[in-house]
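# A structural walkthrough
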Amino acid sequence: MSVPFAHFSVSPGRLITRGRYGMRRECVTSVGGVDVPVTIVGKEEVLDTLSPTLFLVYGCYGESNLLWLELLPQDLLDSGWKVALCHVRGGGELGHAWYCQGVGAAKDSHSVPDLVSCVSHLHSLSLASPSLSALHATSGGAAVAARALLRHPGLVSKLVLRFPFLQPESGALLSEEEGEEWEGMSQWEGGEVGAEVFVTVGGKDRRAPPRQAANFLSSLSDRTQRYVNFLLDADHTGFSDSAYRVETNFLLDLPRQRQSWLSFFRR
């Protein structure tokens, strides 16, 4: 089912209104019979066809990932990819009640299934397929993305995590907002994800320290490739143009500059 733009508080980005890319929206039925919107962006000729698809998810702190319409990966779009923004519960796309349905333990029961439903829906429409799908998440969105693949290995072929905040660390002092956001969410126990994994971490990131990514990678039992781009002087917001290019090359499967990547599995 299509979803009208009027249901959202953010209008299409400039690149879309100027005619560079097209947009469509789908409505996906998730757990509890709730309809979850998906915004799909790409060149007009690929919007309705099977093509490589990058799924984006956040679902935290009541923030809308529609704001990312101004920051879409144009290199991918110009190469014939689609980008699908999954507006899972926990985000702010549909108001405060939408956010409250994805807080704490509800991230496990709502946000994660919402994401799986969004990806599976596009697969069922033959707009994407597991072998042509990648999943991207930043900061707290990584907690949703990682759990989705641990529950459904092979849902996508590539997982990209940028400065991933996977769960509060034991003994960490959280603000009131952070405590409400994450309290009661399950601890991940590792397993298979069925996808190549690329993680960007910052050496000065106190919000999501590199050991979180290291622990996550070491917990994976499958033999898919895992890579880490370690930005020595970066904090939680220190993503650079060069880091973006390395991340994009991983998705596009361009010749990999392995000397700039650190591959590790343990702390």
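Residues numbered from 1 in each chain as written. Predicted model: local features only at pLDDT ≥ 70, side-chain atom pairs only at ≥ 80, totals over all residues. Heavy atoms only, no water.

## Thoughts on the pairing of strand β3 (residues 53-57)
Note the threshold: For the exposure calls, accessible area comes from a 1.4 Å probe over protein chains only, and a residue counts as buried if that area is under 20% of its type's maximum, exposed if over 50%, partly exposed in between. Secondary structure elements are defined from DSSP: runs of H or I of at least 4 residues count as helices, runs of E of at least 2 residues count as strands, and each element is numbered from the N terminus. Think of it this way: DSSP has to see at least two bridges between two strands before they count as a pair.
Counting buried positions along β3 yields 5 of 5 residues, so the element is predominantly enclosed. Burial along β3 is two-sided: the face carrying T53, F55 and V57 and the face carrying L54 and L56 are both buried. With 5 bridges connecting them, β3 and strand β4 (residues 82-86) associate as parallel partners. Across the sheet, the residue bridging to T53 is K82, located in β4. Judged from the 5 bridges that link them, β3 and strand β5 (residues 133-138) form a sheet pairing that is parallel. Counted as the bridge partner of T53 is S133 from β5.

## Description of the pattern of salt bridges
Note the following rule: Here, a salt bridge means any side-chain nitrogen of Lys or Arg that lies within 4 Å of a carboxyl oxygen of Asp or Glu.
For the structure shown, the criterion picks out 9 salt bridges. A salt bridge links R151 to D108, with the nearest nitrogen and oxygen atoms 3.1 Å apart. On the criterion of sequence distance, the pair formed by R151 in helix α5 (residues 141-151) and D108 in helix α4 (residues 106-124) is long-range, its members being 43 residues apart. A salt bridge links D233 to K204; the nearest nitrogen and oxygen atoms lie 3.9 Å apart. Note that D233 is positioned in the loop between β8 (226-231) and α8 (241-252) and K204 in the loop between β7 (196-202) and α7 (210-218), a separation of 29 residues in sequence. Connected via shared salt-bridge partners are R24, E26 and D48.

## Observations regarding the environment of T29
Under the convention used in this document: Any pair of nitrogen or oxygen atoms within 3.5 Å is treated as a polar contact; in protein, a donor-acceptor pairing is required on top of that, and neighbouring residues in sequence qualify only through side-chain atoms on both sides.
Tracing the backbone through its elements, the reader meets T29 in strand β1 (residues 22-29). The exposed category is assigned to T29, whose relative accessible area is 54%. Remark: the alpha-carbon pair of T29 and H121, spanning 92 residues in sequence, is separated by 8.8 Å. A distance of 3.4 Å separates the side chain of T29 from the side chain of D35, its partner in a polar contact.

## Topic: the layout of surface pockets
What counts, and what does not: In this analysis the probe radius is 1.4 Å and the grid spacing 1 Å, with only protein atoms considered; a cavity is a set of points the probe fits into but cannot get out of, a pocket is an open set with protein on both sides within 12 Å along at least five of seven lines, and lining residues have an atom within 4 Å of a point. Grid points are joined across faces, edges and corners, and a volume is the space filled by probe spheres set on the points. Charged means Asp, Glu, Lys or Arg here, nonpolar means Ala, Val, Leu, Ile, Met, Phe, Trp, Tyr, Cys or Pro, and polar covers whatever is left, Gly included.
Its volume calculated, the largest pocket comes out at about 600 Å³. What lines the largest pocket is a set of 22 residues, among which W68, L71, H136, T138 and R162 lie closest to the centre. Among the elements that take part in the lining of the largest pocket, α8 stands out by supplying 5 residues, more than any other. Tallied by class, the residues present in the lining of the largest pocket amount to 12 nonpolar, 7 polar and 3 charged.

## Describing the pairing of β1
On any regular strand, side chains alternate: one points to one face of the sheet, the next to the other face. Counting buried residues in β1 gives 6 out of 8 residues, a clear majority hidden from the surface. Judged from the 8 bridges that link them, β1 and strand β2 (residues 35-42) form a sheet pairing that is antiparallel. Looking at the pairing, R25 lines up with T39 of β2. If you look at the hairpin formed by β1 and β2, you'll find 5 residues sitting between the two strands, and G32 has a positive phi there, around 80°.

## Some words on the nonpolar core
As a reminder of what qualifies: Only buried residues count toward a nonpolar core, which is a set of Ala, Val, Leu, Ile, Met, Phe, Trp, Tyr and Cys residues joined through side-chain atoms within 4.5 Å. Any two residues having at least one pair of non-hydrogen atoms within 4.5 Å are treated as being in contact.
Ranked by size, the top nonpolar core spans 45 residues in total, and within it L115, L135 and F216 carry the most contacts. Not counting residues within four places of it along the chain, the set of residues in contact with L115 comprises V57, C86, V88, L135, V144, A145 and A148. Counting 20 residues, the second-largest nonpolar core is a separate cluster that includes V41, L77, V246 and F250.

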